[in-house]
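Each chain is listed here by its residues.
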Amino acid sequence: MIFASRKPAARRPFRAARLSAVVGVLAITTAALAGCAGAQSSGTASGSSTGQLSGTVTVFAAASLKASFTEIASKFEAANPGTKVKLSFAGSSDLVTQLTQGAPADVFASADTTNMKKLTDASLAEGQPVNFATNVLTIAVPPSNTAGVSGFRDLAKPGVRLVVCAPKVPCGAATQSVAKSTGTTLAPVSEESSVTDVLGKVSSGEADAGLVYVTDVKSAGDKVKGIAFPESSNAVNTYPIVALRASKNKDAAKAFIAMVTGSEGRQVLQSAGFGVP
Amino acid sequence: MSFEFSARLEERAFDVSLELAPGETVAILGPNGAGKSTLLSLIAGLLRPDAGRAVLDGKVLFDVGSGSSDWRPPHRRGTALLAQEALLFPHLSVVDNVAFGPRSAGNSRKSSRDAALHWLGEVGAVELAERRPAELSGGQAQRVAVARALAADPELLLLDEPMAALDVHAAPMLRSLFKRVLAGRRALIITHGVVDALTLADRVVVLEEGRIAEVGPTRQVLEQPRSHFAAGLAGLNLHTGVVVSDGLRGADGLHVAGHLDPEAVPGQAGVAVFPPSAVSIFLEAPHGSPRNVFPAVIHHLEPHGDQIRVRAGGFMADVTPAAVADLALEPGLRAFFVVKSASVAVYPA
Amino acid sequence: MVVVHTAGRSRTGYSGIPAWVFVIAAVGAAFVLLPLAAMVARVNWAQFLPLITSEASLDALWLSIRTSAASTVLCVVLGVPMALVLARSEFPGQRLLRSLALLPLVLPPVVGGIALLYTFGRQGLLGRYLEFAGIQIAFSTTAVVLAQTFVALPFLVVSLEGAVRTAGHRYEAVAATLGARPSTVLRRVTLPLVLPGLASGAVLSFARSLGEFGATLTFAGSLQGVTRTLPLEIYLQRETDADAAVALSLVLVAVAVAVIGLSIRSGIGSGRRDGALAA
C-alpha cells in the first residue's frame, strides 16, 4: 500500500497545529454559544439587603399572564430605577421542566397549583407560594355565533363543533370537572394541547365553540365572543407565585412578588379579566 | 414511393435537402459539428425544424413554415434510431428490449416475443435472450440494439455512428451484420469510416457546416472527392482552382499538371486529385519527364499502415520508412513533392 | 516515486479526504446521535411496555402509520407528474414555479397549517364549497393526511426530479423512435429507470409525514384515534407524563429507523441506478 505509508515526522507538527486550529475554532464557537445562554442568567444581579434594589429579575410566568406581567414589569422598573425585569412566558409545565433542569430564574408564576406543587416538591421554591389570581372557564364563540350557543349545555348539542383542551392540560382538566359537575357529556371534535390552539380554532371559524379562560377571550379582542356560564365556578383555576431558592437577587424577586400581589398588580390583573383573591 | 427531406434550423445553421429511394442506404459523412446528428434528430422527430418538409412514403413527417404546421411525433414516424451507444433499457431483459417495438405497436406479448427471438436470431444473439443489458459486452449490446431497431419494422433506419464505440474486435463482426441487414433496406448511416461507407452505402452525402458539400455514389465520391472532408477521408490529395487545358491552376497560383476528366472544361472551377502513394519526395528538384514538382516545408510525419505519411503544405505523400531514414526527413526540412501528371485527375468542382 | 501521505486512507484506496474533515464529521455525527442517546438513557424501562401499549399510544401509532401511508400514496400520485414536468419541460416561469412548489420545505409547518386552514377550512377558499357539498375536512383524518402531504410532497418532488434529470432523456428518445407512445414511454421506460429515486422519495415522504406536527396541530386538531398522531400524542403527554413522552418518542424513532433501514436493505433508498449506461 504505497498510498498508505506514513507521512514523514517532519510534517507532523505542522499538521497537529492545523488540527488544533480546528479544535480552537470549535471551542470558540462553543464558548460563544455558552455566552448567549449566560446572558440570560440573573447572575449579574446584586441587591443589598437594606439599600435600594438593583440588577435583573428574571420572571418565568405562565403564558396567560403575558399581557398583565408585561405591564406590571414596566411599572416595577419605573418604581425601582436600576432594576430590569426579564420575562419568559411559556406553558406552566414547560417552565417547571426548564427550572428543574437548572434554568436560572428568580420568580415563577404558575397558571395552576399542580405545576407549582412540582416545583415545591423539588425544593426549588423559596418559602410558600402565594395565590395571586384566579381564572375561570368561559365559552368562546366566533363573533357570528352561527351555532347559537348561549350556555354550557348547548355545547353538548349535536351539530355543535366544540373544541376543548385535552384533559391532560390544566384547561382541559377544568373543562372535565365542569362537565362532570353538570352531568353533561361533551363530544369535542378536537382536544387541543393549549388554550391558544382552542382559541385559534374558534377565531378562524373552524369550531362553533371552545372552552377557554375568561382572560383569553378578553385578550383575543373582538375576534371571539365570550359567553360566561355559572357552572364555571365549579372549576376555578388558581395562579400561585413564588421566589426561587436559586435566585441571586432575592430582594428584588420578593419586591416583584409584592407588586404582583399588591394593589397595583391586582388592578392590572383584574382589568385583564383575572379574579383576585 | 420515396423519402424526401428538406429542413432549416437557424440555431445550428443547418439547411439540408436530400432524397432517398426505396431500399437505398446512404452514408452521411462530415466533420464533427457538421450537422450529421441534427439531420437524424430532425428526421426522427427529436428536433423541430424552423422550416421544412419531410415525406416518407407519402406520410408527412413534418411540414413547417410557409403557413402550414404539420408535425408527426417520433413514435408515429417509423424511423427507428440506433445510436453510438446501444442504450438498451437496463431494467428489461434482452428479449424484452427487442420486443419493445412490437409491443409498442400493439402486438400481443406472445407474438412480440416471437418477433424478438426472430430478430435476435438474425443478429446471432438468441443465446443472450434472457440476459440483462448490464451482462453484455459492448459488441453484444450493439447487436441486440440492431435487433431491437429492426424489430420495430422501421420504414427508415437511422444509424448514428453505430460502430464508433466498439473495440477493434467487435467492429468487423458488426460491420458484416450491418452489410447483411442493410441490404435492400432504406437507411441513413452516419460514419467516420471510409470502409463503412464503401461497404454499406449506395450513396454518400458529405455535410460541412450544416450544408451538403457533396453528394454522389459512394465509390465516385471517394475516388473523385470534391470536398476537403471527403478527400481527407479517402486519403487523397486535393487541390482546388480553375481548370486549364493541361490540368489546373490552383487558387493559390500553383499549376498542377494532370489529365482532364471528360466533364472538365477549361476555364471552369475544378479540382485536381491524386493519391499520396503517387507522390515521391526529393531533396533537390528533379528534371525530366512531365511531372509536378511542389516545393514545400515538411511539418508532420505519421505512420500510415506500413508506410510513413509525410505532410507538407497542403499535400500528403506516402513513402517507405527506409526512404524517410535515407533522406533524413523531419519537420522543418525543405523538400520537393513530385507527382507524375498521369497520376493527377482533374474534375469539375 | 512513493506517494507519501497518511491523509485520506481508506480500506480500498485513496479517498482524498483530509484527516481534519473526519474530525469535524465525527463531531457532526455526535451532534445527531448524542441527543438520541440521551433520550434513550432517560427511558423508564420498567414502565416502557405499559406506556407504549396504552390505548392512547396505540391509537396514535396506528393513526400515524395509516395517515403517513395515505399521504405517501398521495405524494406519489401528485409528485410524479410534478417532478416530470419540472425536470423535462420548459415553459416561462418554470423556475419560479419550481421554487414555489418546494416552498413547504422551508416553510415552518405552522405556516403550512394556517395556509391549509384558509384553503380547506370551513371558511376557506375551497372549504366553503366543500362544506356546501356536505364535506367537512377540518378535524377529520383527511385533514391530517392533507397536512402531511403538504409538507412531504416537496421531498418526493425534489428527489424524483433529481433522478429524472440524471437519467437524461436518451432512453426515452430511443423508445419513442421504436414506436412507443408517450404514455408507454413513461410507464415502460421513464418510471422504471427512476424507480430508485421514486422509492427513496417515497421513503422520505413517509418519514416526513410520520414526523409531521405543526401543520396537523394547526389545521387538523387533536382527537384520539381521529387526528391525534404520534407526534401530537407525544406533545400532549409531555405536559403531564415525561416518561410516556420519552417512551413514545423512542417508538417514533424506531419506526423511522425501521422505514429507512428497510429501504436501504432493499436497495431502493440508496439512490442506486444499475446499468445506467449499458454500453
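Owing to the predicted nature of the structure, the values given are computational and were not obtained by experimental measurement.

Next up on the list: the overall build of chain A. Secondary structure summary: chain A contains 9 helices and 9 strands in total. Looking at chain A as a whole, 44% of its 277 residues are labelled buried. Excluding contacts between residues fewer than 6 apart, the proportion of contacts in chain A whose partners are at least 24 apart in sequence is 76%.

Now for the arrangement of the chains. By number of contacts, the leading pair among the 2 pairs of chains in contact is chains A and C. In this view chain A stays clear of chain B, with the nearest C-alpha atoms of the two still 32 Å from each other.

What follows deals with the interface of chain C and chain B. Between chain C and chain B, the residue contacts involve 21 residues of the former and 26 residues of the latter. Mapped by element, the contributors of at least two residues to the side of chain C that touches chain B are helix H8 (170–177) and helix H9 (182–193) of chain C. It is H8(C) that contributes the most residues to the side of chain C that touches chain B, 7 residues altogether. The residue inventory of the side of chain C that touches chain B, partitioned by class, reads 14 nonpolar, 4 polar and 3 charged.

Buried accessible area, meaning the area lost when the parts come together, often serves as the stated size of an interface. Domain annotation for chain B reports domain 1 (3–223) and domain 2 (237–349). Relative to domain 2 of chain B, the C-alpha centre of domain 1 of chain B lies at a distance of 38 Å.

Residue and element names in this part refer to chain B. Strand order in this open sheet of 5 strands is S17-S21-S18-S19-S20, and the pairing throughout is antiparallel. Every other strand in the sheet has two partners, leaving strand S17 (279–282) and strand S20 (315–319) as the edge strands with one partner each. When the angles between neighbouring strand axes are averaged without regard to direction, this sheet yields 45°.

Along its sequence, chain A is carved into domain 1 (55–134 + 238–271) and domain 2 (137–234). One C-alpha centre belongs to domain 1 of chain A, the other to domain 2 of chain A; they are set 28 Å apart.

Residues and elements named next belong to chain A. Taking every second residue as pointing to the same face, both faces of strand S5 (residues 162–165) are buried, with Leu162 and Val164 on one and Val163 and Cys165 on the other. When S5 meets strand S7 (residues 209–213), the two strands line up parallel, connected through 2 bridges. Of the residues in S7, the one forming a bridge with leucine 162 is alanine 209. As defined by bridge partners, S5 adjoins strand S6 (residues 190–192) across 3 bridges and the pair is classed as parallel. Residue pairing for S6: valine 163 is matched across the bridge by serine 190.

So, on to the nonpolar core. Val98(B), Val144(B) and Leu158(B) are the most contacted members of the largest nonpolar core, which has 191 residues in total. Per element, the largest residue contribution to this core is 16 residues, and it comes from helix H7 (residues 141–167) of chain C. When neighbours within four sequence positions are excluded, Val144(B) is seen to be in contact with Ala86(B), Leu88(B), Val94(B), Asn97(B), Val98(B), Ala125(B), Leu128(B) and Leu136(B). Grouped together as the second largest cluster of nonpolar side chains are 41 residues, Phe69(A), Ala252(A), Phe256(A) and Val268(A) included.

So, about the sheet that holds strand S3 (residues 25–29) of chain B. All names here are of chain B. Judged by pairing direction, the sheet is mixed, and its 6 strands sit side by side in the order S7-S8-S9-S3-S10-S11 without closing on themselves. Edge positions in the open sheet fall to strand S7 (79–82) and strand S11 (211–217), since each of these has one partner strand only. For this sheet, the mean angle separating the axes of adjacent strands, direction not counted, is 20°. Inspection of the sheet shows strand S8 (residues 156–160) paired to strand S9 (residues 187–190) by 4 bridges, in the parallel sense. For aspartate 160, the partnering residue across the bridge sits in S9 and is isoleucine 190.

What follows covers the packing of helix H5 (residues 109–120) of chain C against H7(C). Residue and element names in this part refer to chain C. With their axes 10 Å apart at the nearest point, H5 and H7 run at an angle of 125° to one another. One way to sum up the angle between H5 and H7 is to call them oblique. The two elements H5 and H7 meet at a crossing, and its hand is right-handed. Of the residues in H7, those in contact with Pro109, Gly112, Gly113, Leu116 and Phe120 of H5 are Ala143, Leu146, Ala147, Phe150 and Val151. The residue makeup of the contact of H5 with H7, split by class, is 8 nonpolar, 2 polar and no charged.

With that out of the way, let us pick up the packing of helix H2 (residues 66–79) of chain A against helix H9 (residues 263–271) of chain A. Residues and elements named next belong to chain A. For the pair H2 and H9, the least separation of the axes is 9 Å and the interaxial angle reads 150°. Considering the angle they form, H2 stands roughly antiparallel to H9. Of the two possible hands of crossing, H2 and H9 adopt the one that is right-handed. The residues of H9 that touch H2, namely those facing Ser68, Glu71, Ile72 and Lys75, are Glu264, Gly265, Val268 and Leu269. Residue composition of the contact of H2 with H9, grouped by class: 3 nonpolar, 2 polar and 3 charged.

All names here are of chain B. Bridging between strand S4 (residues 51–56) and strand S5 (residues 59–65) involves 5 bridges; their strand directions are antiparallel. If you follow alanine 54 over to S5, its bridge partner there is phenylalanine 62. Hairpin connection, S4 to S5: the antiparallel pair is bridged by 2 residues, and aspartate 57 has positive phi, about 50°. Hairpin connection between S5 and strand S6 (residues 68–71): a loop of 2 residues separates the two successive antiparallel strands, and serine 66 in this loop has a positive phi of roughly 45°.

Another aspect to go through is H9(C). Residue and element names in this part refer to chain C. Among the residues making up H9, those that are buried are Val185, Val189, Thr190 and Leu193. Buried residues of H9, seen end-on, are gathered within an arc of 85° and therefore sit on one face of the element. In H9, those exposed residues whose orientation departs by more than 90 degrees from the buried face are Ser183 and Arg187. Residues of H9 that are buried make contact with H7 and H8.

What counts, and at which threshold
- Residues numbered from 1 in each chain as written.
- Chains lettered and ligands numbered in written order.
- Predicted model: local features only at pLDDT ≥ 70, side-chain atom pairs only at ≥ 80, totals over all residues.
- Helix = DSSP H or I, 4+ residues; strand = E, 2+ residues; numbered from the N terminus.
- Buried ≥ 20, exposed ≤ 12 C-beta atoms within 10 Å, placed from the backbone.
- Contact = placed C-beta atoms within 7 Å.
- Nonpolar A, V, L, I, M, F, W, Y, C, P; charged D, E, K, R; others polar.
- Domains from an automatic or database assignment.
- Pairing = 2+ DSSP bridges.
- Axes fitted to C-alpha atoms, helices over the stretch in contact; angles between N-to-C directions.
- Core = buried A, V, L, I, M, F, W, Y, C linked by C-beta atoms within 7 Å.
- Parallel < 35°, antiparallel > 145°, perpendicular 65-115°, else oblique.
- Left-handed = near helix turned anticlockwise from the far one by under 90°.
- Arc of directions from axis to C-beta.

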